[in-house]
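# Coordinate inspection notes
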Amino acid sequence: MLHTVKYLVFMMLAVVMVAGCHKKEEQKSGAAVPSSQVPTKEPVIVEPDSVKGKWKAVKIAVNDKTANKETVYTVAIGSQFAIPDTNLAIKVENFLPHFTMAGAVRTSLSNEPKNPAARVRIYEDGKEIFNGWLFSLFPTTHALQHPKYGFTLVGFIPAG
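Residues numbered from 1 in each chain as written. Predicted model: local features only at pLDDT ≥ 70, side-chain atom pairs only at ≥ 80, totals over all residues. Heavy atoms only, no water.

This brings us to the pairing of strand β5 (residues 88-96). When you tally the buried positions in β5, you get seven out of nine residues, the bulk of the element. What sits between strand β4 (residues 80-82) and β5 in their antiparallel hairpin is a turn of five residues, with aspartate 85 showing a positive phi close to 60°. (Buried < 20%, exposed > 50% of the residue type's maximum accessible area, 1.4 Å probe, protein only. Helix = DSSP H or I, 4+ residues; strand = E, 2+ residues; numbered from the N terminus. Pairing = 2+ DSSP bridges.)

Below you can see the structure in the form of C-alpha cells.
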C-alpha cells in the first residue's frame, strides 16, 4: 500500500514537472498557441420574444478613410448588402437593442435601444474578413481594423 502511494506521488510530481517545463519552453520560445488549437465556446445568441420581429433594419455608416467620405446604408436584418463601388459586402445577422452578455450568451435585456448592437459579417472579395458585433454606443469596441474602411452602427429601424 505504501509503495502504491509513493508511486502515485512520484507520478503526479513527474506530470507537474513535465507540464511546468513545457510551459517554460513555450515562454522562452515566445511561441503562441495557434488560435485554431485554443478551445473556445461559440457564443450563443438568444433573441427574447420581446425583441423577435420588432426590428427590420439597421443603419451602418461606412467610412472611406482615404477619400474622407462617410456613407450610411440601411441593411435589412438577415440580409447581405454589397457596398457600392467597393469589393465589400456586409451581412447583418442579428440586432439586439439592449445588448448584454453573460459567459457565452449574447442577448437583449429589453426591447429598448439602451445598448444597441448588430452582429455582422463583412466580406472582401467574397472572403469573410470580420465576424462580430458593431456597437452603437461603443463604436471602437472590437471594431474591424481595415486599412481603408471603417464601419459603425448609427441607427436602427423598427418593424412596421
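Overall, the prediction assigns the protein a mean pLDDT of 82, with 74% of residues at 70 or greater. Low confidence marks residues 2-33, where pLDDT is under 50. Its contacts with residues over four positions away, or in another chain, come to two contacts. (pLDDT = per-residue confidence, 0-100. Contact = heavy atoms within 4.5 Å.)

A few words on a nonpolar patch on the surface. Together, Val44, Val46 and Val105 line one region of the surface with nonpolar side chains, adding up to about 200 Å² of accessible area. Note that valine 105 resides in strand β7 (residues 105-108). For valine 105, a relative accessible area of 33% translates into the label partly exposed. (Patch = residues over 30% accessible without salt bridge, like charges linked within 9 Å, V, L, I, M, F, W, Y side chains within 5 Å. Areas by Shrake-Rupley, 256 points an atom, 1.4 Å probe, with all protein chains shown as cover. Salt bridge = Lys/Arg side-chain N within 4 Å of Asp/Glu carboxyl O.)

Strand order in the open sheet made by the four strands is β4-β5-β8-β9, with antiparallel pairing throughout. Either end of the sheet is taken by a strand with one partner, and the two such strands are β4 and β9 (127-135). The average angle at which neighbouring strand axes cross in this sheet is 20°, direction not considered. Pairing geometry for strand β8 (residues 117-124) and β9, over eight bridges, is antiparallel. Along β9, the bridge assignment pairs alanine 118 with leucine 134. (Axes fitted to C-alpha atoms, helices over the stretch in contact; angles between N-to-C directions.)

To continue, consider the sheet that holds β7. The strand order β1-β7-β6 describes an open sheet built from three strands, whose pairing is mixed. Of all the strands in the sheet, just β1 (44-46) and β6 (99-102) have a single pairing partner and so form its edges. Each neighbouring strand pair of the sheet contributes to a mean axis angle of 25°, computed without reference to strand direction. Bridge count between β1 and β7: three bridges; the pairing is parallel. The partner of isoleucine 45 across the bridge, within β7, is arginine 106.

Moving on: the pattern of salt bridges. All told, the structure shown has four salt bridges when counted by the stated rule. Residue glutamate 128 is joined to arginine 121 by a salt bridge in which the shortest nitrogen-to-oxygen separation is 2.7 Å. Residue class for glutamate 128 comes out partly exposed when judged on its relative accessible area of 34%. By sharing partners, the salt bridges in this structure join Glu93, Arg119, Arg121 and Glu128 into a single network.

So, on to the nonpolar core. Among the nonpolar cores identified, the biggest contains 21 residues, and Ile60, Ile90, Val120 and Phe151 are the most heavily contacted of them. If you list the elements that add at least two residues to this core, you get β2 (55-64), β3 (69-76), β5, β8, β9 and β10 (149-158). Residues in contact with phenylalanine 151, not counting those within four places in the same chain, are Ile60, Ala61, Val62, Ile83, Leu88, Ile90, Ile122, Leu134 and Leu144. In this structure, Leu96, Phe99, Ala117 and Phe135 belong to the second largest nonpolar core, which totals five residues. (Core = buried A, V, L, I, M, F, W, Y, C linked by side-chain atoms within 4.5 Å.)

This part is about the environment of lysine 65. Residue position: lysine 65 is located in the loop between β2 and β3. For lysine 65, a relative accessible area of 41% gives the class partly exposed. Lysine 65 sits 83 residues away from lysine 148 along the chain, and the two C-alpha atoms are 5.2 Å apart. With residues up to four places along the chain from it excluded, the contact list for lysine 65 reads His146, Pro147, Lys148, Tyr149 and Gly150. Here histidine 146 takes part through its backbone oxygen, which lies 2.6 Å from a polar atom of the side chain of lysine 65. (Polar contact = N/O pair within 3.5 Å; in protein donor to acceptor, adjacent residues only side chain to side chain.)

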